[in-house]
Amino acid sequence: MVHHHRKRSSDSIKDEESHIHLMDCSTSVYYKRTKPKLLSFLFLITFLSCCYVFAPFFLGPSFSLSLLYSNGPENDANQDGVDVKPSTCSSVSTGTICCDRTGHRSDICVMKGDIRTESSSSSIFVYNSINKNNFSSENVDQVLQQDKIKPYTRKWETSVMDTIDELNLVSKKVDSRRVRKCDVQHDVPAVFFSNGGYTGNVYHEFNDGIIPLYITSQHFNMKVVFVILEYHDWWIMKYRDILSHLSEFPPIDFSKDNRTHCFNEAIVGLKIHDELAVDSSLMEGNKSIVDFRKLLDKAYLPRIKGLIREEGRELQEKSKQQNTISPLSRSEPETPQGVEEIAPPKPKLVIVSRSGSRAITNENLLVKMAEEIGFHVAVLKPKKTSELAKIYKVLNESDVMIGVHGAAMTHFMFMKPKSVFIQVVPLGTNWAADTYYGEPARKLGLKYIGYEIHPKESSLYDKYDKNDPILSDPDSITNKGWEYTKKIYLDSQNVKLDLRRFRKRLHRAYEYTVLRLNLNLQHQSQ
């Protein structure tokens, strides 16, 4: 995870006081001697009339009475910096560019009309034809609109945005005879986005890329082309199963593909809602993170079936080897006739193991304890080169997942709803652990258990005095900035679980899981 101790309150949009001086029109009123109530009423009517007439001169031509009922700036984004306002570019005229920059996390631009790419100048043009009756040399190559955008979803983070390629968006009038011809004509819209920034970290790949891509493109029903800046072949290979369920077409490498690609509609930038989340109120058809999870099921199903077939062949080979032993040497317990034994389900528990920092140093004892409680235990060690389908299969088949806070916890999305996710929370990571994984897991429908370690369970306990703020008051350290958090709590801390204390969490998970599995069996037998 990168920069995950950023305090959201400091990034939220601050209200600014604006003073609008309205013209005093009361001097134009002819006063008559009348009752005070009548005078007050006439004054009010005159004042409101003058405000309505003269307000456009002070507030601009877009002013209308509806502005009086619009939401204030505090509603554009909540205090956590979550983009909750629908896009202002829902309707775009042909030949124009509309850019919505109100979001805290990303900018979105929409173009419609005769759209053509020019990778050599990092530009996307939308052309307006010239009326032959009004043709003159003066209105040839006339720029109507021009804008720039970096299509990446960490808009607030200047350091990473400085590394993102920028696109020029241009709307202009041209002589059709002078326009570059289309090398590739697409009959479907395009979505332009960057694969730069923190791509390479699985959390950011999902949070800043894959989920925003789903949010932005799913309503096209796969009839869309992805045009990628800072294109990576390995990323395409890693996420090809998911991409194939978001688009029917091969993605385009914007920088290396010098051909002129033509579209009739383009979205530049990706929409993002919250950490590993899909806000159903902002989605067509009220799609949610659960729907995204269903898409993952569909995406990985073909490969998982292949993996199951491979495992079946391996079991057959083992069975053949076992059959070479004399049948007389093997004995099986007899089951009385008419009695069918059904073995109770044994819950499957997966430990997502870390090496280096934030590793569980007594992991072998954790495995032993979990097996004693009654779990079937597997240890998973994800690597950057690990095939996601294999990781998906293991977690999708499991009932409980345990792991220490870090990017690999993103794999909780591979768990089925109602499964258990236990996150071990090292010192100094409480806020980040719940914000980035705990709350998203609950939204997905998992039973989330956060295990906040005691100072004695941290390797830092052997390095610092027990009264040192690093142990006694981690918040005071993390408030100093990201550098302190990373150096002390992320890069220099391991965990030795208090197994007696942690056992209580495992028992809770076991009892919950066994009950759920038994209920499922009863339901299936009915």
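Residues numbered from 1 in each chain as written. Predicted model: local features only at pLDDT ≥ 70, side-chain atom pairs only at ≥ 80, totals over all residues. Heavy atoms only, no water.

The name an unreviewed UniProt entry assigns to the protein is Glycosyltransferase 61 catalytic domain-containing protein, from the organism Vicia faba.

Q: How should the confidence of the model for the protein be read in this particular structure?
A: Per-chain confidence: the protein averages 83 in pLDDT, with 77% of residues scoring 70 or above. Note that residues 4-38 has pLDDT below 50 and, in this model, 51 contacts with residues that lie over four places away or in other chains. Long-range and interchain partners of residues 49-80, a stretch whose pLDDT sits below 50, account for 27 contacts in this model, where long-range means more than four residues apart. (pLDDT = per-residue confidence, 0-100. Contact = heavy atoms within 4.5 Å.)

Q: Sorry, what's going on with the nonpolar core here?
A: General note: in soluble globular proteins, nonpolar side chains tend to be found buried as a group. Counting 63 residues, the largest nonpolar core has F206, I242 and F412 as its most contacted members. With eight residues, helix α4 (residues 202-217) is the largest single contributor of residues to this core. The contact partners of F412, leaving out residues within four places of it in the chain, are L276, M401, F421, Y437, P440, A441, L444 and L446. (Core = buried A, V, L, I, M, F, W, Y, C linked by side-chain atoms within 4.5 Å. Buried < 20%, exposed > 50% of the residue type's maximum accessible area, 1.4 Å probe, protein only. Helix = DSSP H or I, 4+ residues; strand = E, 2+ residues; numbered from the N terminus.)

Q: I tried to follow the side chain of N128 on my own but got confused; where do I start?
A: In this structure, N128 sits in strand β3 (residues 123-129). For N128, a relative accessible area of 17% puts it in the buried group. Polar contacts involving the side chain of N128 include one to the main-chain carbonyl oxygen of G95, which spans 3.1 Å. Leaving out residues up to four positions away in the same chain, N128 has contacts with T94, G95, L144, S171, K172, K173 and V174. (Polar contact = N/O pair within 3.5 Å; in protein donor to acceptor, adjacent residues only side chain to side chain.)

Q: I tried to follow the packing of helix α7 (residues 289-323) against helix α9 (residues 388-396) on my own but got confused; where do I start?
A: Angle between the axes and distance between the axes: these two values describe a pair of packed helices. With their axes 9 Å apart at the nearest point, α7 and α9 run at an angle of 95° to one another. As far as their axial angle goes, α9 and α7 are roughly perpendicular. Contact residues: R293, L296, D297, Y300, R303, I304, L307, I308 and E311 in α7; L388, A389, K390, Y392, K393 and N396 in α9. A per-class count over the contact of α7 with α9 returns eight nonpolar, one polar and six charged. (Axes fitted to C-alpha atoms, helices over the stretch in contact; angles between N-to-C directions. Parallel < 35°, antiparallel > 145°, perpendicular 65-115°, else oblique. Nonpolar A, V, L, I, M, F, W, Y, C, P; charged D, E, K, R; others polar.)

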